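# Descriptive structure summary
Given next are the chains, with one letter for each unit.
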Amino acid sequence: MREMKELRIGMMGYGFMGRTHSNAYKRLTDFFPVHHKPVLKAVCARNAEKAQAFADNWGYERVETDWRKVVEAPDIDLIDIGTPNDTHYEMALAAAKNGKMVCCEKPLALSVAQAEEMTKAVEDAGVPNMVWFNYRRVPAIALAKQVVDEGRIGRAFHYRATYLQDWTIATDVPQGGAGLWRLDSEVAGSGVTGDLLAHSIDTAMWLNGPITRVVAKTETFVKERVHAVTGKVQPVGIDDACMFLAEFANGSMGTFESTRYARGRKNFNTFELNGADGSIYFDLEEPEYLQYFEYLQKQSGKKLESHLTGWRKIHVTNSEHPYMNRYWVPGTCIGYEHTFLNALADFVLGIESGKPTEPTFRTALQTQKVCDAVLESARSGSWKETGA
């Protein structure tokens with residue numbers, strides 16, 4: 001039996017992300033041979049009654065309503081920030097100051113300025129840190145990264161991404177409050193750009209390298225909504241839809257589109273990368289598949305025979321595929337919740353090896369720079385550099 005150390009968790013927030021992260025903590029050692037066992041010490045939220053119900057369900061030892069008590073507690077090793085975007089900055093700074101490891105939901109911050117301070121704080125403190133861009137841990141997307149790194153795509157020409165939802169089309173949907181804070185610009189910072197395109201941008205740069213400049217257009221289709229907290233009709237400050245063009249450092253071109261007004265689309269997240277030697281395509285609504293077009297065979301260096309060319313649909317469930325050796329027999333699938341479990345496993349293995357786990361705050365800072373450049377371009381109508 002392997003010797004186990006405790007990894008004592010302070011969870012900020014009990015919402016959707018609080019659930020996905022808590023599930024990962026509880027199942028980590030069931031699936032991965034790590035030497036740290038998560039212990040659910042404290043969950044923190046403003047609503048003590050709901051936080052207690054969450055703690056009872058998931059097995060947290062105590063509830064706090066003051067997040068400062070959690071980041072200062074001597075029996076907490078890791079602060080997990082799963083709260084709305086406007087809280088990330090203060091919590092991360094305080095956690096780093098108190099020598100805690102920090103895992104933070106995306107987007108990292110409300111602005112580049114905040115993200116830079118947060119990055120400096122965790123790096124100065126020397127604490128392990130990670131941002132929960134969980135889609136990197138979809139086995140098919142991790143396989144896409146392997147295909148690219150093996151040189152099977154060749155020189156990249158085009159990258160295109162879409163992220164489409166439809167849950168805010170109704171004009172009577174309010175903004176703000178516990179359930180709809182993503183529609184409140186003061187809390188969320190932005191709309192689909194920070195919430196959805198941040199994922200697309202992180203994946204794109206992981207696969208295809210830095211984005212150097214962008215030109216964008218955003219739209220807010222419903223200009224005013226009732227605020228859930230104040231009850232007053234207020235202007236809507238977030239972007240309902242965003243589309244932008246991008247230039248990558250490797251010379252390839254990118255197109256990105258995201259909206260919450262695509263009727264019938266619930267979480268439609270796709271990307272395609274076209275290169276001289278091949279292409280890859282992924283659709284999150286069929287997460288167990290990676291589509292691959294092979295033009296030039298890597299082993300022989302020759303063009304694939306014409307009568308055999310065509311897109312192949314790889315069922316990413318074999319033990320040779322990323323992460324899948326930890327789960328079931330070939331042909332059986334894992335789900336959305338496992339992306340967080342895979343991410344946590346990588347983070348803990350990073351703690352044990354001393355090698356930082358990507359994406360770190362430093363990596364997420366560059367995604368923040370692209371998001372801010374997209375929003376600035378939409379305001380100005382001109383190309384904006386990302387600082388890559």
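Residues numbered from 1 in each chain as written. Predicted model: local features only at pLDDT ≥ 70, side-chain atom pairs only at ≥ 80, totals over all residues. Heavy atoms only, no water.

## Structural notes on the packing of aromatic side chains
Each aromatic ring pair is characterised by the separation of its centres together with the angle its planes make. This model, assessed by the stated rule, comprises 18 aromatic pairs. For the ring pair Phe 54 and Trp 58, a centre distance of 6.2 Å and an interplane angle of 40 degrees mean the geometry is tilted. Taken together, the residues span about one helical turn, with Phe 54 and Trp 58 both in helix H2 (residues 48–58) at a distance of four residues. Here Phe 54 matches Trp 58 in class, with each residue buried. The rings of Tyr 159, Phe 244, Phe 248, Phe 256, Phe 271 and Phe 282 are connected pair by pair, giving a single aromatic cluster. The ring of Tyr 289 has Lys 313 lying over it, and the distance from NZ or CZ to the ring centre is 4.5 Å. (Phe/Tyr/Trp six-rings, centres within 6.5 Å; stacked < 30°, edge-to-face > 60°. Helix = DSSP H or I, 4+ residues; strand = E, 2+ residues; numbered from the N terminus. Buried < 20%, exposed > 50% of the residue type's maximum accessible area, 1.4 Å probe, protein only. Lys NZ or Arg CZ within 6 Å of the ring centre and 35° of its normal.)

## So, empty space enclosed by the protein
All chains considered together, the criterion is met by three cavities of 30 Å³ or more. Here the largest cavity is characterised by a volume of approximately 50 Å³. Looking at the largest cavity, the residues that line it are Tyr 135, Ile 141, Tyr 159, His 199, Ser 200, Thr 203, Asn 269, Thr 270, Phe 271 and Phe 282. Listing elements by their share of the lining of the largest cavity, those giving two or more residues are helix H8 (192–208) and strand S13 (268–275). Around the second largest cavity, the lining residues are Tyr 281, Phe 282, Asp 283, Glu 286, Tyr 289, Gln 291 and Lys 313. Mapped by element, the contributors of at least two residues to the lining of the second largest cavity are strand S14 (278–283) and strand S15 (289–294). (1 Å grid on protein atoms, 1.4 Å probe; cavity = no way out; pocket = protein on both sides within 12 Å on 5 of 7 lines; lining within 4 Å. Points joined across faces, edges and corners; volume = space filled by probe spheres on them.)

## Quick word on the layout of surface pockets
When its volume is computed, the largest pocket comes out at roughly 1200 Å³. The wall of the largest pocket is formed by 50 residues, among which Gly 82, Thr 83, Pro 84, Ala 178 and Trp 181 lie closest to the centre. When contributions to the lining of the largest pocket are tallied by element, the ones reaching two or more residues are helix H1 (16–31), helix H4 (88–97), helix H7 (185–188) and H8. Broken down by class, the residue content of the lining of the largest pocket amounts to 19 nonpolar, 20 polar and 11 charged. (Nonpolar A, V, L, I, M, F, W, Y, C, P; charged D, E, K, R; others polar.)

## Some thoughts on the pattern of salt bridges
Evaluated as defined, the whole model comprises 25 salt bridges. Between Asp 124 and Lys 120 there is a salt bridge, and its shortest N-O distance comes to 2.6 Å. Taken together, the residues Asp 124 and Lys 120, both in helix H5 (residues 112–125) and four residues apart, mark about one turn of the helix. With respect to burial, Asp 124 and Lys 120 carry one shared label: exposed. Here Asp 202 ties to Arg 136 by a salt bridge, and the two come within 2.9 Å at their closest N and O atoms. Of this pair, Asp 202 sits in helix H8 while Arg 136 sits in the loop between strand S6 (129–131) and helix H6 (139–149); the two residues are 66 residues apart in sequence, bridging distant segments of the chain. For Asp 202, a relative accessible area of 2% corresponds to the buried category. A single salt-bridge network, built from bridges that share partners, covers Lys 106, Arg 182, Asp 195 and Arg 260. (Salt bridge = Lys/Arg side-chain N within 4 Å of Asp/Glu carboxyl O.)

## Description of the side chain of Thr 168
Tracing the chain through its elements places Thr 168 in the loop between strand S7 (156–164) and H7. Classification of Thr 168 by relative accessible area gives buried; the value is 0%. Ignoring anything within four residues of it in the chain, the contact list for Thr 168 reads Leu 183, Arg 225, Asp 240, Arg 260 and Tyr 261. (Contact = heavy atoms within 4.5 Å.)

## Looking at the sheet that holds S7
Taking strand neighbours across the sheet as the criterion, the nine strands line up as S16-S15-S14-S13-S7-S12-S11-S8-S17 in an open arrangement whose pairing is mixed. The sheet is open, and its two borders are formed by strand S16 (311–315) and strand S17 (384–385), each paired with just one other strand. Pairing geometry for S14 and S15, over four bridges, is antiparallel. In the strand pairing of S15, Ile 280 is matched with Tyr 292. Together, strand S8 (211–219), strand S11 (241–248) and S17 form the strand contacts of helix H10 (residues 361–380), whose direction differs from that of S8 by roughly 50 degrees. (Pairing = 2+ DSSP bridges. Axes fitted to C-alpha atoms, helices over the stretch in contact; angles between N-to-C directions.)

## Focus: H2
Taken together, the buried positions of H2 are occupied by Ala 51, Phe 54, Ala 55 and Trp 58. An end-on view of H2 places all buried positions within 100 degrees of arc, on one side of the element. Pointing more than 90 degrees away from the buried face of H2 are the exposed residues Glu 49, Asp 56 and Asn 57. Contacts from the buried residues of H2 go to H1, strand S2 (36–44) and strand S3 (62–64). For H2, the capping residue at the N-terminal end is Asn 47, with a side-chain oxygen 3.2 Å from the backbone nitrogen of Glu 49. Phi for Gly 59, located one or two positions after H2, is positive at around 95 degrees. (Arc of directions from axis to C-beta. Polar contact = N/O pair within 3.5 Å; in protein donor to acceptor, adjacent residues only side chain to side chain.)

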